Amino acid sequence: MPAQTQYARNKDVTIGYETFGDLAAGEPLLLIMGLDFQMVWWPDGLCEQLAERGFAVVRFDNRDSGLSTKFDSAAKENAFLALLGRTKPSYTTLDMLDDAIAVMDAVGWKSAHLLGASMGAALAQAMALYHPERVRTLVCASGVPADVSGLKAMSYIKFAIFARLRKIKPAATREGEIDNLVEMFRAFGTSPGYPFPEEWARSVATISHDRSPRDPKSTQRQIAAGRAQKLPAISGINVPVLVFCGQEDPIIKPRASKDIAARIPGARLIIYPGMGHGLPAELWPDIVAQVAAQAGLA
């Protein structure tokens with residue numbers, strides 16, 4: 001179980017975070033969540049296995065999600081215009097990096113290993129570019145190259161899933177909103193080679209909703225943040241890098257992970273057959289072993 005939620009400050013923004021393992025003795029590992037999902041979607045069991053392997057694990061809510069500071073926009077922005085960089089951002093990638101640094105400072109880490117998933121993988125790459133002194137090693141899960149934008153970024157996305165997601169309509173009750181979160185996770189988190197974790201997904205969806213009901217507009221704000229400025233080429237990343245993804249990812253083409261690994265000197269690539277955009281429990285032992293090997297843990 002995680003320690004009680006604590007809070008870091010980045011100027012006028014508050015970032016909620018939780019820890020697993022021994023912060024003083026463990027190898028520091030910062031988990032960066034993906035688009036519009038709260039830190040509780042990093043499975044407790046995975047975090048505990050990482051802690052047992054020797055890591056001190058910290059997960060946190062990105063701004064505009066969970067228990068961290070929320071922003072506002074007058075209307076729901078168009079997701080595709082956000083991907084093309086045609087939506088005025090409420091904040092930028094650099095602001096989100098400062099949030100992560102604030103969390104690291106709050107727990108007393110000068111540097112850490114980073115594991116970012118989906119949008120979190122892009123943020124982790126950006127951290128290695130803008131703040132390399134804070135990054136020991138980098139693990140990118142189910143992400144895209146952080147330095148691509150516009151039509152190139154969109155070329156990595158499987159758009160068929162959006163028709164399925166559009167069928168999930170806002171609900172009028174707590175139970176209906178929890179059902180919606182489960183269905184959203186089912187849409188992209190299902191791994192065809194493994195059983196769908198129904199009980200876990202419903203439990204976490206309940207925790208997530210009760211912590212902070214989802215605001216659909218935050219999705220577009222976070223996408224817009226990622227397109228607010230052109231990042232340096234990821235070929236300039238000079239820390240050890242591991243890239244992994246699922247062969248059956250329904251949102252992001254495996255080619256995106258292949259391109260990350262091809263463009264960062266020395267990066268390792270793993271493609272898991274049967275895995276989607278989630279992290280099946282059956283693969284946790286291997287994922288933990290790979291992350292530990294990347295960090296130099298025996």
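Residues numbered from 1 in each chain as written. Predicted model: local features only at pLDDT ≥ 70, side-chain atom pairs only at ≥ 80, totals over all residues. Heavy atoms only, no water.

S.K.: Give a detailed account of unusual backbone geometry, specifying residues and quantitative values.
M.R.: Residues other than glycine seldom take positive phi values, yet S118 does so here, at roughly 60°. Looking at the element boundaries, S118 is found in the loop between β5 (112-117) and α4 (119-130). (Helix = DSSP H or I, 4+ residues; strand = E, 2+ residues; numbered from the N terminus.)

S.K.: Please set out the pattern of salt bridges residue by residue, giving values where relevant.
M.R.: Using the criterion set out here, one finds 18 salt bridges in the structure. A salt bridge links D99 to R63, with the shortest nitrogen-to-oxygen separation between them at 2.6 Å. Of the two residues, D99 is situated in helix α3 (residues 93-106) and R63 in the loop between β4 (55-60) and α2 (79-83); the sequence distance between them amounts to 36 residues. According to the relative accessible area criterion, D99 is buried, its value standing at 2%. For R202, the salt bridge is made with D179, and the minimal N-O distance between the two is 2.7 Å. Remark: D179 occurs in helix α7 (residues 174-189) and R202 occurs in helix α8 (residues 198-211); sequence separation between them is 23 residues. (Salt bridge = Lys/Arg side-chain N within 4 Å of Asp/Glu carboxyl O. Buried < 20%, exposed > 50% of the residue type's maximum accessible area, 1.4 Å probe, protein only.)

S.K.: I'd like a description of the side chain of S257, backed by residues and values.
M.R.: For S257, the position within the fold is in helix α10 (residues 254-263). Apart from residues no more than four positions distant in its own chain, S257 is found in contact with S142, G143, V243, F244, C245 and L269. (Contact = heavy atoms within 4.5 Å.)

S.K.: Please give an account of the packing of helix α1 (residues 44-52) against helix α11 (residues 284-295) that cites residues and values.
M.R.: At a closest axis distance of 10 Å, the pairing of α1 and α11 adopts a crossing angle of 40°. As the angle between them shows, α1 and α11 are arranged oblique. Considering only the axes of α1 and α11, their crossing is right-handed. Where α1 abuts α11, its residues G45, L46, Q49 and L50 lie against W284, P285, V288 and V291. (Axes fitted to C-alpha atoms, helices over the stretch in contact; angles between N-to-C directions. Parallel < 35°, antiparallel > 145°, perpendicular 65-115°, else oblique. Left-handed = near helix turned anticlockwise from the far one by under 90°.)

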